Amino acid sequence: MKLNYIPKGLWCLGLVLLFQASKTAAQNTKKPNVIIVITDDQGYGDLGCTGNPIVKTPNIDKFYKQSVRLTDFHVAPTCAPSRSGLMTGRYADRVGVWHTIGGVSILREKEVTMANVFQNNGYETGMFGKWHLGDSYPSRPQDKGFKHTLIHGGGGVGQTPDYWNNDYFDDTYLENGVPKKVKGYCTDVWFDEAMKYIETNKDKPFFCYIATNAPHLPFNVPADYYNKYKNEAIPEELKKFYAMITNVDDNFKRLQDKLKQLKLDENTIVIYMTDNGTASGYKETNGKMYGYNANMKGIKNSEYEGGHRVPFFISYPAEKISGGRDVNNMLAHLDVLPSLATICKLEMPKLDLDGSDISSLLLDKNAVFKRDYLITDSQRVQEPIKWRKSAVMSDKMRLVNGTELYDISKDPGQNNNIAAQFPDVVAKMRGYYEEWWSSVSTEFNIFPEIIVGSEKQNPVEITCHDEHVHDSTIPWNQDYIREGKLNPIGGEFTLNFDRDGVYEIEVSRWPFESGLKINEGVAGRKATTYIDAVSEGKAMNFKSAVLKIGAWKEEKSVSADATSVLFKGNFTKGKTAMSSWFIDGDKKEIGTFYFKITRIGDLKSI
C-alpha cells in the first residue's frame with residue numbers, strides 16, 4: 001500500500017488541534033467543582049437580601065438574585081452539631097457531636113464525611129478555616145477526607161485549642177497539621193488560600209470548603225470595615241458584627257471573580273450558607289432591641305425558628321441551578337451530601353443517612369418532594385436529654401420541647417401555642433420524636449476517642465476544651481486560660497492508646513508554644529475601637545500536679561521555673577480515661593489545661 005505524504009508542519013498542526021480538541025472535550029465532560037462557603041454565627045436576618053436594612057452585603061445579595069434559594073432550610077442551633085450534620089448527612093446526636101466543647105464536639109472515627117466521598121470519587125479536596133469537629137487524630141479534617149487543610153483550632157480563633165495569642169490578624173494556623181505563620185486578616189486568609197488552591201487544581205474536579213470563623217466573637221475586624229458602620233445608631237458590638245459580615249461579602253466577590261477569571265464559573269457549584277441562627281445580630285441593649293431577625297423567634301442555641309432556620313443559596317449555571325428561584329420545601333443541612341452526590345454523579349458508599357436527595361428540587365422547578373418531619377435540638381450537655389431544646393418540624397407545624405405547637409404558615413414568630421387545639425397533631429409529632437430518639441440514642445454512652453501513640457499523630461496535644469465535665473464549666477477560650485478560671489476536677493478525657501509502649505505525658509497551665517512558666521502571669525490588652533480586649537493572665541501558685549490514667553496515678557512537684565510537668569509510664573493498647581489537676585499552696589485543686597502525649601518507645605522497665 002502506498003502512503004500519501006503529509007508535510008511535517010501539517011502533522012504538527014494536526015496534533016495541536018487534536019490536543020486542543022481533546023482538552024476541550026475533557027473540560028466539557030469534567031465533573032463539576034463544588035465550593036461551600038459557610039459562615040459562623042450569621043443568622044437568616046444578617047443579610048441585605050433577606051431584609052436587613054443596615055448590613056452591607058451587595059455581593060451576596062447579587063448572588064442571591066442569581067441562585068436557587070432554599071427558604072425553609074434548617075441546621076442545628078449551634079456550630080459543631082451543624083457542621084457534623086452537613087459533613088455526614090446524619091443527625092448530630094447520632095454521630096456524637098451534640099455540644100461545642102466537653103469532648104462531644106468530636107466526630108467519631110467511623111463516620112464518613114462529604115470530603116471522604118468526594119476524594120474517593122477522584123476529587124481534590126481542600127478546606128480553609130473552621131473545622132470544629134476534633135483537633136486530634138482520628139477526627140481532624142485531614143483524617144476525614146481533606147487532602148489539603150489550613151485551619152484554626154477549636155471552635156474559633158482565640159479558643160483554647162487554637163494557637164496561642166491568635167487574634168484574627170497575622171495569626172498562626174495549622175497547614176496540614178503543621179503551624180504556619182500567615183499575614184493578614186483571618187477571613188482574607190481563608191479566601192486567599194482557597195483561591196490559590198482552586199487555581200492550582202483548576203484542571204481537576206475539586207471540592208473546596210471555606211468555613212469562616214467570622215462573624216463569631218471576639219469582634220475583631222479591620223478598621224476600614226468598622227468605619228463603614230461607625231456612624232450607625234447601633235451598639236458597638238453590632239457595628240463590628242456587621243463589619244465582619246461585610247468583609248465576608250467582599251471576599252465572596254473575590255472568589256466569584258476568580259472563578260470567572262479561570263473560566264470555572266459555569267461548571268462550579270457554589271453554595272453560601274450559615275451554621276446556625278444569629279449570635280449577635282439581634283439583641284437587647286439598654287431596653288431596646290437592635291438588629292434584624294426576619295420576624296423569627298429565637299437566636300443561636302434556640303429551639304425556636306430563629307435558632308436553626310438559616311440562608312442557603314446555591315448556583316450551578318451549567319445545569320440551570322440559577323435564575324433567582326425560591327424552593328419553599330422544608331429542607332436541611334442533612335440533605336446536602338446526598339444531593340451533591342447525585343448532581344456530581346458520585347459513587348456513594350452504603351451509608352445510613354438521615355438526609356434526603358433533594359437534587360430534583362434544585363434542577364427542576366416543577367419537581368415534587370414530600371418530607372414528613374425533621375428534628376433539630378440543642379443539647380450542650382455531656383449526654384443528651386430527651387426533649388431538651390427540641391423542635392419537631394413539618395412543612396407548617398413546629399412542635400417545640402414536646403409541648404408547644406406553632407403553625408409557621410400563620411404564626412412565623414411562634415407567638416400562639418395551639419397545642420391544646422390540635423392534640424392529634426401533637427400526638428403524631430411526639431410519636432415521630434420517640435422513634436427518632438430510640439434510633440439516635442443507641443450510642444449516647446460512647447464518647448468519641450482521642451487516639452494517642454499512632455504514627456498518624458505523635459505527639460498529640462490535648463486541651464481542657466475536650467474534657468468531659470458534666471456541668472460544662474470548661475475554659476473553652478484563651479481568656480479563661482489567662483484568668484486562671486477554675487477548671488473543675490472530676491472531668492476525664494477519653495483516650496485510646498494505639499500501641500503498647502512507653503509514653504511521656506506533659507501537663508501545663510499554658511499552651512506549649514507560649515513558652516510561659518506554669519505559675520507565670522502575663523499582661524492583657526485593652527480593647528480598641530475595632531478589636532476586643534484580651535484578659536490579663538493571673539500568676540498562680542501551683543505546688544504539684546497529679547496525673548491519672550486508668551488505674552495508674554502519680555503526683556509530681558511544680559518547680560519555680562517549670563513550663564510543664566513531665567510524667568512517664570508504660571501503657572498498653574486500648575481505651576482508657578485520663579484526668580489531671582494542679583494543687584496550689586492552699587490545697588485547692590484545679591483541672592489541668594494543656595497536655596502533650598508522646599509515644600517514645602516499646603514497653604520496658606522505667
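Residues numbered from 1 in each chain as written. Predicted model: local features only at pLDDT ≥ 70, side-chain atom pairs only at ≥ 80, totals over all residues. Heavy atoms only, no water.

**Q** With reference to specific residues and values, describe the packing of helix H2 (residues 58-66) against helix H8 (residues 236-261).
**A** Where H2 meets H8, the axes come as close as 7 Å, and the angle between the chain directions of the two elements is 55°. Between H2 and H8, the crossing angle belongs to the class labelled oblique. Only Asp-249, Asp-250, Phe-252, Lys-253 and Gln-256 of H8 make contact with H2, whose side of the interface consists of Pro-58, Asn-59, Ile-60 and Phe-63. Tallied by class, residues from the contact of H2 with H8 come to four nonpolar, two polar and three charged. (Axes fitted to C-alpha atoms, helices over the stretch in contact; angles between N-to-C directions. Helix = DSSP H or I, 4+ residues; strand = E, 2+ residues; numbered from the N terminus. Parallel < 35°, antiparallel > 145°, perpendicular 65-115°, else oblique. Contact = heavy atoms within 4.5 Å. Nonpolar A, V, L, I, M, F, W, Y, C, P; charged D, E, K, R; others polar.)

**Q** So, the nonpolar core: which residues are in play, and what are the values?
**A** Judged by nonpolar contacts, the single largest core of 48 residues is most densely connected at Ile-35, Ile-198, Ile-210 and Tyr-272. The set of elements that each furnish at least two residues to this core consists of strand E1 (33-39), H2, helix H6 (186-200), strand E7 (206-211), helix H7 (223-226), H8 and strand E8 (268-274). A total of ten residues in this core trace back to one element, the largest contributor, which is H8. With near-sequence residues (within four places) excluded, Ile-35 lies in contact with Ile-198, Phe-206, Cys-208, Ile-210, Leu-255, Leu-259, Thr-268, Ile-269, Val-270 and Ile-271. Counting residues in hydrophobic clusters, the runner-up holds 47 residues, among them Ile-36, Leu-107, Ala-115 and Phe-207. (Core = buried A, V, L, I, M, F, W, Y, C linked by side-chain atoms within 4.5 Å. Buried < 20%, exposed > 50% of the residue type's maximum accessible area, 1.4 Å probe, protein only.)

**Q** Describe the sheet that holds strand E14 (residues 390-393), with residues and values.
**A** Read across the open sheet, the four strands follow the order E13-E14-E15-E16; overall the sheet is antiparallel. Strands with a single pairing partner mark the edges of an open sheet, and in this sheet they are strand E13 (374-377) and strand E16 (404-407). On average, each strand axis in the sheet is tilted by 20° relative to the strand beside it, whichever way the strands run. Inspection of the sheet shows strand E15 (residues 397-400) paired to E16 by four bridges, in the antiparallel sense. (Pairing = 2+ DSSP bridges.)

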